[in-house]
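Each chain, letter by letter, is given below.
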Amino acid sequence: MQLEQATKKAHALRQLITQYNYQYYVLDAPSIMDHEYDQLMRKLIEIETEFPEIINSNSPTQRLGVSPVTKLQEVKHLLPMLSLANVFNEDEMHSFDTRIKEELCVETIDFSGETKLDGLAVNILYKNGLLITAATRGDGSLGEDITHNIRTIQEVPLSLIGENIPQSLEVRGEVVMTHKGFATLNNTQRDKGGKVFANPRNAAAGSLRQLDSRVTAERPLSFFAFGIGDYNGNINLTNHTNILRQLKLWGLPVSSESKRLSNIHECLSYYAKIKTMRSRLPHDIDGVVFKVNEISQQHQLGFVSRAPRWAIAYKFPPLEKITQLLGIEIQVGRTGALTPVARLSPVKVAGVLITNATLHNFDEIKRKDIKIGDWVYVRRAGDVIPEIVGVIKEKRSDVSEFIMPSFCPACGADVVCQDGEVVYRCIGGLICSAQRTQAIIHFASRKAMNIDGLGSKLIVQLNELGLINTVADLYLLSQEQLSGLDRMGIKSAENLITALEKSKKTTLERFLYAMGIREVGEATALTIAAKYQSITSIEQATTKELKTIPDIGPITAFNINHFFQQKYNLEIIQSLILAGVYWETKSDATSLPFCDMVFVLTGSLSIMPRDEAKQRLLMLGGKVTEKVSKKINYVIYGQNPGSKYERAIELGIKTLNEESFMKMIEKKVEP
Ligand code: IVH
């Protein structure tokens, strides 16, 4: 491709991409598929890579950020950026209305109502349709140059579209971060050990003031235009509603809630309506803004001390309040994660009485330097769980340090925090009441023990009634107990018993997976089962040994070893085996010591129950049958052995008493 052709092609692609961006971000009506859009971008990147001389800062490829600046420069706004006077109740709204009506000598006033976005005000200068500079509000006259960062926000057009593009236009608007974007960002920051932001506004401000725009490009920022500053263009913009409409036509996103209102009553209804929507909006708003709609009337009213007399912010009650932290309790989640929960001196935040707040994890407490007895800022935004934003250190007196317990408050098992993780966990697993229900649901699931008809609702019910404390109790349930449950007829109870019975025949990998050991999914369970072939060998595997298995990292190895170190887990495994759970060793079990050998057990065994003896033999590759025939290798006898023993002697089959049997299974060799 020639340079001239490349320039033309790149120009056409940029125009197309700008148009598609507009449909996506401003109109919320995309007209092409994501992959088609990606292809256009890829094509443009290809051309710009081949002809770097044609790259300009307004190319959509430049949104990924550029080399860092050393310092934010000062920018003078062409027209000053004003702030707003606030009102907090209806009376004050009426006074505002009366005051301007008197001043303008009119009966009613036309207003424009908008949400008051809680972010950072910016001023974006377009010359002949091209984005030239973007700046923060600063002191209203001088702001900081954040052009490099604003360019990374997808919603902000790098060039205006449509008709009557003005020679010069200052677009005023707010950069915000959505709740979802904020939560994702803070999670990433937490994982990286980076700065966690107190609220979306701080996160938006911090992101915009970055020296390195590549960092800003990663941040989930949005932009909404709410007005203009200096304007030099052909069309006459006579009222605020027109301005917003025209901004949208030029490709700028405008808050979809903005509305023309004919009098103060409509303003008050609008306020009430937006207030009810507040928690459902994707971003924070801290009130609504009313602006006199006619520009001529705005000019007549003018401004006092940097605030226009033609606009007012009717504020909402704050989402943050101050209260005292009375204590920190521990909640054990269904995966065993220990979450510290703040008990607060009750405080009303945005109309709701708050008594608890999440503290996420121990690291968060350390990072925010929270101590019991502290005065704290509590924030409640929308339906999200209230949070402690920060501590008022100046008010601190008589506080105590929070100490993470080393035993689980629900079951008393050890609490561990693995290297590189911030979460403390109870390793009680199957016995922990807090984790029990979830553990049983997992145990019964299709890929684990596959107990047909045993759904989560039923498990919750069984747990609540105290009928199952561990997974092993499932196999002790009787048809009578089951048919007495809610929505359980005789037939379904019967079916469930059959399903439980059927589930007893399983495989080692399924059984291992069913244990719900952290990080041990189906694939890992299969690898381990194939390597060790028996539950006893897995029980004895050391972390060091497990780590040497391909695909098993140190954390998984630790989890497996730790799980089998716990006496109660071994007891549950034992109970399951006793209840009749078994698996057949695979064909590649030929390496097992008693492969293809057949045993008969007779008489009452005193060293271990017969089921266990049977299971041990199975795990070592042996088969156990009832009938004594010539095919039998050994008859193992306890007290009062009876006819089977006699038959063995008759047929000349080797017999073993309990001591010899124990030695054999311990040494895994024939006597
Ligand atoms: S108009 C001339 N409209 O609120 C009036 N401001 O407290 C200047 N804000 O600095 C502002 N949403 O950061 C206006 N719809 C809206 C707004 C809005 C949020 C912010 C803006 C301004 C501050 C004033």
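Right above here is the structure, for reference.
Structure report, in brief. (Residues numbered from 1 in each chain as written. Predicted model: local features only at pLDDT ≥ 70, side-chain atom pairs only at ≥ 80, totals over all residues. Heavy atoms only, no water.)

1. Description of the overall build of the chain
When you go through the chain residue by residue, the secondary structure sums to 24 helices and 26 strands. Over its C-alpha trace the chain gives a radius of gyration of 36 Å, far above what one expects of a compact globule, namely 26 Å for 671 residues. Considering only C-alpha atoms, the chain reaches an extent of 120 × 70 × 50 Å along its principal axes. Counting across all 671 residues of the chain, residues that qualify as buried make up 48%. As displayed, the chain has an accessible area near 32,900 Å², and 50% of this comes from carbon and sulfur atoms. If the 78 positive side-chain charges of the chain are averaged to one point and the 76 negative ones to another, these points end up 2 Å apart. (Helix = DSSP H or I, 4+ residues; strand = E, 2+ residues; numbered from the N terminus. Rg over C-alpha atoms; globule rule 2.2 N^0.38 Å. Buried < 20%, exposed > 50% of the residue type's maximum accessible area, 1.4 Å probe, protein only. Areas by Shrake-Rupley, 256 points an atom, 1.4 Å probe, with all protein chains shown as cover. Lys, Arg positive; Asp, Glu negative; His and termini not counted. Charge placed at Lys NZ, Arg CZ, Asp CG, Glu CD.)

2. Here we look at the sheet that holds strand β26 (residues 654-656)
What the 4 strands build is an open sheet, ordered β24-β23-β25-β26; its pairing is parallel. Of all the strands in the sheet, just β24 (623-625) and β26 have a single pairing partner and so form its edges. Sheet twist, expressed as the mean angle between neighbouring strand axes with direction ignored, is 30 degrees. As paired elements, strand β23 (residues 598-602) and strand β25 (residues 634-637) share 4 bridges and run parallel to each other. Bridging across to β25, L601 finds its partner in I636. Lying over the sheet, helix α23 (residues 643-651) contacts β23, β25 and β26, oriented at roughly 135 degrees with respect to β23. Across the sheet, helix α24 (residues 658-667) lies against β23, β25 and β26, angled at about 95 degrees from β26, the strand it touches most. (Pairing = 2+ DSSP bridges. Axes fitted to C-alpha atoms, helices over the stretch in contact; angles between N-to-C directions. Contact = heavy atoms within 4.5 Å.)

3. A few points about the site of the ligand
In the vicinity of the ligand, 14 residues are found, and the nearest of them are E114, L117, A121, E174 and K291. Contact distances for the ligand include 3.2 Å between a nitrogen atom and a backbone N or O atom of T115. Taking L117, its main chain carries an N or O atom lying 3.0 Å from a nitrogen atom of the ligand. Within the complex, the protein chains bury 86% of what would otherwise be the 520 Å² of accessible surface of the ligand. Counting only elements with at least two residues in the shell around the ligand, the list comes to β3 (111-117) and β10 (285-292). (Near = heavy atom within 4 Å. Polar contact = N/O pair within 3.5 Å; in protein donor to acceptor, adjacent residues only side chain to side chain.)

4. Thoughts on the environment of L605
Inspection of the secondary structure puts L605 in the loop between β23 and α22 (610-619). Along the backbone, L605 and P409 are 196 residues apart, and their C-alpha atoms lie at a distance of 40 Å.

5. Considerations on the environment of Q461
In this fold, Q461 is placed in helix α13 (residues 456-464). The exposure class assigned to Q461 is buried, which follows from its relative accessible area of 14%.

6. Focus: unusual backbone geometry
Of note in the backbone geometry, H360 takes a positive phi value of approximately 65 degrees without being a glycine. Following the sequence through the fold, H360 ends up in the loop between β16 (352-358) and α11 (362-367).

7. Notes on the side chain of H562
Here H562 lies in helix α20 (residues 554-565). Judged by its relative accessible area of 14%, H562 falls in the buried class. Discounting chain neighbours no more than four positions away, the residues touching H562 are V416 and I427.

8. A short note on the packing of helix α12 (residues 433-444) against α13
Contact pair α12 / α13: the axes reach a minimum separation of 10 Å and the direction vectors enclose 135 degrees. Here α13 runs oblique to α12, going by the angle between their axes. Remark: the crossing between α12 and α13 carries right-handed chirality. Taking contact as the criterion, the partners of R436, T437, I440, I441 and A444 in α12 are, on α13, S456, I459, V460 and N463. Looking at the contact of α12 with α13, its residues break down into 5 nonpolar, 3 polar and 1 charged. (Parallel < 35°, antiparallel > 145°, perpendicular 65-115°, else oblique. Left-handed = near helix turned anticlockwise from the far one by under 90°. Nonpolar A, V, L, I, M, F, W, Y, C, P; charged D, E, K, R; others polar.)

9. Looking at the sheet that holds strand β2 (residues 86-87)
Across the sheet, 5 strands lie side by side as β2-β13-β10-β3-β9; this open sheet has mixed pairing. Either end of the sheet is taken by a strand with one partner, and the two such strands are β2 and β9 (259-261). Judged from the 7 bridges that link them, β3 and β10 form a sheet pairing that is antiparallel. For F111, the partnering residue across the bridge sits in β10 and is V292. On the sheet, helix α3 (residues 90-104) packs against β2, β3, β10 and β13 (311-315) and is oriented at approximately 175 degrees with respect to β13. Together, β3, β9, β10 and β13 form the strand contacts of helix α9 (residues 264-277), whose direction differs from that of β10 by roughly 160 degrees.

10. Some thoughts on the pattern of salt bridges
Under the defined criterion, the tally for this structure stands at 29 salt bridges. R343 is paired through a salt bridge with E329; the nearest N and O atoms lie 2.5 Å apart. In this pair, R343 sits in strand β15 (residues 338-349) while E329 sits in strand β14 (residues 320-332), placing the two residues 14 residues apart along the sequence. Assessed through its relative accessible area of 39%, E329 is described here as partly exposed. Across the pair K371 and E401 runs a salt bridge, and its minimum N-O distance is 3.3 Å. (Salt bridge = Lys/Arg side-chain N within 4 Å of Asp/Glu carboxyl O.)

11. Some thoughts on the environment of N263
Within the secondary structure layout, N263 lies in the loop between β9 and α9. A residue is classified by how much of its surface remains accessible, and N263, at 22% relative accessible area, is partly exposed. When the C-alpha atoms of N263 and T241 are compared, they prove to be 15 Å apart, with 22 residues separating the residues in sequence. In this structure, N263 is in contact with I109 and F111, ignoring residues within four places of it in sequence. Engagement of the side chain of N263 in a polar contact is seen with the backbone nitrogen of H265, the distance being 3.0 Å. Polar contacts involving the side chain of N263 include one to the main-chain amide nitrogen of E266, which spans 2.9 Å.

12. Looking at the packing of aromatic side chains
Per the stated rule, a full pass over the model turns up 14 aromatic pairs. Here Y270 and F290 contribute two aromatic rings whose centre-to-centre distance is 6.1 Å and whose plane-to-plane angle is 70 degrees, an arrangement assigned as edge-to-face. With Y270 in helix α9 and F290 in strand β10, this residue pair connects regions lying 20 residues apart in the sequence. Here Y270 and F290 have matching classes, each one buried. Seen in terms of ring centroids, F443 and Y475 are 6.4 Å apart; in terms of plane orientation they differ by 80 degrees. Their pairing is edge-to-face. Here F443, found in helix α12, pairs with Y475, found in the loop between α13 and α14 (479-483); they are 32 residues apart in sequence, far enough to count as distant. The class for F443 is buried, based on a relative accessible area of 0%. (Phe/Tyr/Trp six-rings, centres within 6.5 Å; stacked < 30°, edge-to-face > 60°.)

13. A few points about the packing of α3 against α9
Viewed as axis vectors pointing N to C, α3 and α9 meet at an angle of 145 degrees, and their least axial separation amounts to 11 Å. For the element pair α3 and α9, the recorded crossing hand is right-handed. Two secondary-structure elements touch here, α3 through E90, M93, H94 and D97 and α9 through I264, C267 and L268.

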